[in-house]
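# Structural features, examined
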Amino acid sequence: MGNVLAFCEYADGQLRTSALANLTASREIAKHHGGEVVILLVGKGAQAASAHAAKFAPKVVVVESDALEHYLAETYAPVVAAQVKATGATVVTATATSVGKDLIPRAAALLDAGQASDISKVESATTFARPILAGNAYSTVAINTPVIAVTVRQSEFEAAGESGMGSVSTADAGSVNALGATFVKLDAQKSDRPDLGDAKVVVAGGRGMKNGENFKVLEELADLLGAAMGASRAATDAGMVPADWQVGQTGKIVAPNLYFAVAISGAIQHLAGMKGSKTIVAINKNKDEPIFQVADYGLVADWEKSVPELIAEIKKLKASR
Amino acid sequence: MKILVPVKRVPDPTQKTKIKDNHIDLTGASWIVNTFDEYAVETALRLIENGADGSKHGEIVVVSIGPDDAAKEIRTTLAMGADRAIHVVANDSEIDSLTVVKILKAIVESEKPDLVIMGKQAVDGDANQVGQMLAGKLGWPQATFAATIELDSANKKLTVGREVDGGVEYKQVPLNSVITVDLRIVAPKSVKNGVTPDSHNYSGEGARLPSLKGIMAAKKKPLEQKKLADFGAEPKPAIEEKSVALPPPRAAGQFVSDVPTLVKKLADEAKAL
Ligand SMILES: Cc1cc2nc3c(=O)[nH]c(=O)nc-3n(C[C@H](O)[C@H](O)[C@H](O)COP(=O)(O)OP(=O)(O)OC[C@H]3O[C@@H](n4cnc5c(N)ncnc54)[C@H](O)[C@@H]3O)c2cc1C
Ligand SMILES: Nc1ncnc2c1ncn2[C@@H]1O[C@H](COP(=O)(O)O)[C@@H](O)[C@H]1O
């Protein structure tokens, strides 16, 4: 018997979409533990997001403080650890976003908890399936510590639906000590496109695009389909496109309905980030590339000719409907 | 400045994954230094050297917990330029993240480094947790997923550019912190130490390859062996791998001859447009 404390990120008074995947996983875990899900909202603006959060869990705990305005693992982890104890939780969870991955293991250390990272399935109260070796295998692990920490792979769980109206309570942040760490600034990549993490369509380009200017044609395709942009490490490393477009083992893990891999060879580290996609299209001029082994539809062609043609053809299709 | 770099040896990720008796079959596997840890060694070197003239202004101690024959991969990091190594001998089935963190904490407390620099994740288990846990246990600040580091040694602080969802976050941490590095830390100008001239460019992609001279020197560098028991660690991990399975194979795909066929199939067959 124990509750599940779900650390949830929010923005502008709403839970982030990424948090909803964790709430699905957290509900499954709570069922196994015979407890309930308690949503934890931390930071400045937490209170404003609590009404939305309360639609998704029976209890919401808000820890709001000016001292917690900017996320820092040093200040947030002790809050998470304290709330695990205060809410009688035996499991603490978050989506494996860059915040979740930074925060949860630190909180786990404060709780002497073992952690299952990036889980893809809840098998029982203490066992979880998770991808290893760049997604080339799935490991089932048992975590035999009194408190368990879990991060959840967003692409492996449906977004949770609303479950009624929960109660909201507030808790004190305690003494906030950043240990000398300070947030300096965030160089945000602004984009009107959907988030890479939950886009229905992703258009990704690789080294074979040659330069950033050439990505414009992929962006045109993306905008035609309401897609997010993605890229291989080779393309991001070369500075063709922003680093946070990277899809793969160490970039974003995506599982859209439709994934276009254009001029990407299909290294295992790239495949790790996209082979869960429903339909994969590969466009590459070399028919022997590994990307064609995961592609549902492979087109052996030069992007310079085929992508503009693809855009024209999709426009034609749309016009005919 | 003294930097501690924990490194793990991992199976070469380019090998085909094989399963035997519900676990990964590693018989005959080839091994490498976890790529991110190689990058961490490279980062540590760039922090303590003058990249232009090669002079060194600090010490790098490598720590690895792993089986006997991991000594080979540990030597590789010495050949890159680390000064000495501590090898805690244990089979992989005897350790988990919690044990690794416990041992690393004890070594940090005895070695008293100014910084711990390590990979953000081991590419076998892909756990991405040891650095954060170690920082938490030590009560040290952390800067994870570092793509750039600027060291201000006079004021004993670092400004770290962290790759986060939606952009790059800059975080400042004092010395005595744990840094975990991301891929782009090895770009030509990612690490600034205030000594290497701004005009200096590190070359190529990835970490430096050991030179012949480095390989010879590494043979004479100290590699101290320790046991799990030296740290009061039990060879019975709390995190237990029950089984491993291969993912279900994807249904075979097809080549399409031209763009109109592709669009037609995407619309009618895959219902994706
Ligand atoms: C520890 C580690 C982690 C990594 N993590 C990631 C990760 O998260 N994500 C990731 O993507 N990579 C990752 N990598 C890198 C990965 O191993 C590959 O190097 C990278 O994915 C290659 O990118 P690419 O396919 O764009 O480039 P290449 O492999 O160079 O392929 C370029 C492709 O473009 C094609 N091409 C060229 N010109 C044209 C044209 N005109 N028309 C059509 N096709 C053309 C070529 O045939 C080729 O297939 C990682 C590597 C390491 C070591
Ligand atoms: N057995 C080990 N020995 C030394 N360092 C390790 C070991 N396991 C993990 N690490 C360090 O912890 C980092 C993150 O690993 P992980 O959390 O397992 O993905 C690695 O990049 C290493 O620096």
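Residues numbered from 1 in each chain as written. Chains lettered and ligands numbered in written order. Predicted model: local features only at pLDDT ≥ 70, side-chain atom pairs only at ≥ 80, totals over all residues. Heavy atoms only, no water.

## Regarding the environment of Ser265 of chain A
Residues and elements named next belong to chain A. Summarising the element assignment, Ser265 is placed in the loop between strand 16 (258-262) and helix 7 (268-271). Ser265 sits in the partly exposed class, given a relative accessible area of 35%. Non-local contacts of Ser265, meaning those with residues more than four positions away in its chain, are made with Asn284, Glu289, Pro290 and Ile291. (Helix = DSSP H or I, 4+ residues; strand = E, 2+ residues; numbered from the N terminus. Buried < 20%, exposed > 50% of the residue type's maximum accessible area, 1.4 Å probe, protein only. Contact = heavy atoms within 4.5 Å.)

## So, the site of ligand 1
Inspection of the region around ligand 1 gives 29 residues, with Arg207, Ser232, Ser265, Gln269 and Glu289 of chain A positioned closest. Each of chains A and B places residues next to ligand 1. Between Arg207 of chain A and ligand 1, the recorded distance is 2.6 Å, taken from a side-chain N or O atom to an oxygen atom. Interatomic distance of 3.3 Å between a backbone N/O atom of Lys285 of chain A and a nitrogen atom of ligand 1. For ligand 1, whose free accessible area comes to 990 Å², the fraction covered by protein is 85%. (Near = heavy atom within 4 Å. Polar contact = N/O pair within 3.5 Å; in protein donor to acceptor, adjacent residues only side chain to side chain. Areas by Shrake-Rupley, 256 points an atom, 1.4 Å probe, with all protein chains shown as cover.)

## Quick word on the packing of aromatic side chains
Within this structure, the stated rule accounts for 5 aromatic pairs over all chains. Between Phe7 of chain A and Tyr76 of chain A, the ring centres sit 6.4 Å apart and the planes meet at 70°, which makes this aromatic pair edge-to-face. Of this pair, Phe7 of chain A sits in strand 1 (residues 3-7) while Tyr76 of chain A sits in helix 3 (residues 73-86); the two residues are 69 residues apart in sequence, bridging distant segments of the chain. Tyr76 of chain A carries the same exposure label as Phe7 of chain A, and that label is buried. For the pair Phe36 of chain B and Tyr39 of chain B, a centre-to-centre distance of 6.2 Å together with 75° between the ring planes defines the contact as edge-to-face. Residue Phe36 of chain B and its partner Tyr39 of chain B are located together in helix 1 (residues 35-48), separated by 3 residues, close to a single helical turn. Across the pair, Tyr39 of chain B and Phe36 of chain B agree in class, each one buried. Grouped by ring-pair contacts, the aromatic residues Phe7, Tyr71 and Tyr76 of chain A constitute a single cluster. The ring of Phe145 of chain B has Lys120 of chain B sitting right over it, with the charged end atom 5.7 Å from the ring centre. (Phe/Tyr/Trp six-rings, centres within 6.5 Å; stacked < 30°, edge-to-face > 60°. Lys NZ or Arg CZ within 6 Å of the ring centre and 35° of its normal.)

## Examining the side chain of Thr127 of chain A
Tracing the sequence through the fold places Thr127 of chain A in strand 9 (residues 127-132). Side chain to side chain, Thr127 of chain A and Ser124 of chain A meet in a polar contact 2.7 Å long. Those residues in contact with Thr127 of chain A that lie beyond four places of it in its chain are Val122, Thr140, Val141 and Ala142 of chain A together with Lys242 of chain B.

## Here we look at the sheet that holds strand 8 (residues 121-122) of chain A
In spatial order, the strands read 8(A)-9(A)-10(A)-15(B); together these 4 strands make up an open sheet with antiparallel pairing. Two strands in the sheet have a free side with no partner beyond their single neighbour: strand 8 of chain A together with strand 15 (239-245) of chain B. Examined bridge by bridge, strand 8 of chain A and strand 9 of chain A share 2 bridges and lie antiparallel to one another. Looking across to strand 9 of chain A, one finds that Lys121 of chain A is bridged to Ala129 of chain A. (Pairing = 2+ DSSP bridges.)

## Some thoughts on the interface of chain B and chain A
Taken residue by residue, the interface counts 70 residues in chain B and 83 residues in chain A. Approximately 6,300 Å² of surface area, both sides summed, lies buried where chain B meets chain A, with 55% of it carried by carbon and sulfur atoms. If you look at where chain B meets chain A, you find 5 salt bridges. Joining chain B to chain A, the criterion identifies 47 residue pairs in polar contact (both at pLDDT 80 or more). Where the side of chain B that touches chain A is concerned, the elements lending two or more residues are helix 1, helix 4 (130-138), strand 9 (142-152), strand 10 (157-164), strand 11 (167-174), strand 15, strand 16 (254-256) and helix 6 (259-268) of chain B. The biggest single contributor to the side of chain B that touches chain A is strand 11 of chain B, with 8 residues. Class assignment of the residues belonging to the side of chain B that touches chain A gives a composition of 35 nonpolar, 17 polar and 18 charged. Where strand 18 (residues 297-300) of chain A and strand 16 of chain B come together, 3 bridges link them in parallel fashion. (Buried area = accessible area lost by both parts, 1.4 Å probe. Salt bridge = Lys/Arg side-chain N within 4 Å of Asp/Glu carboxyl O. Nonpolar A, V, L, I, M, F, W, Y, C, P; charged D, E, K, R; others polar.)

## Things to note about the pattern of salt bridges
Here the structure, examined in full by the defined rule, presents 36 salt bridges over all chains. Across the salt bridge formed by Lys242 of chain B and Glu240 of chain B, the nearest N and O atoms sit 3.3 Å from each other. Here Lys242 of chain B falls in the partly exposed class, since its relative accessible area comes to 43%. Judged by its relative accessible area of 34%, Glu240 of chain B falls in the partly exposed class. Each member of the salt-bridge network shares a partner with another, and the members are Arg233 and Asp237 of chain A together with Glu163 and Arg184 of chain B.

## Focus on the domain arrangement of chain A
Residue and element names in this part refer to chain A. Once the domains are mapped, chain A shows domain 1 (2-170) and domain 2 (201-319). Computed from C-alpha coordinates alone, the two centres of domain 1 and domain 2 are separated by 32 Å. Domain 1 puts 5 residues into the contact, and the matching count from domain 2 is 7 residues. Of all residues in domain 1, Ala134, Arg153 and Ser155 give up the largest surface area on contact with domain 2, accounting jointly for 73% of the area buried on that side. Put simply, domain 1 and domain 2 have 0 salt bridges between them. Scanning the region where domain 1 abuts domain 2 turns up 2 residue pairs in polar contact (both at pLDDT 80 or more). Of the residues contributing to the side of domain 1 that touches domain 2, the split by class is 1 nonpolar, 3 polar and 1 charged. (Domains from an automatic or database assignment.)

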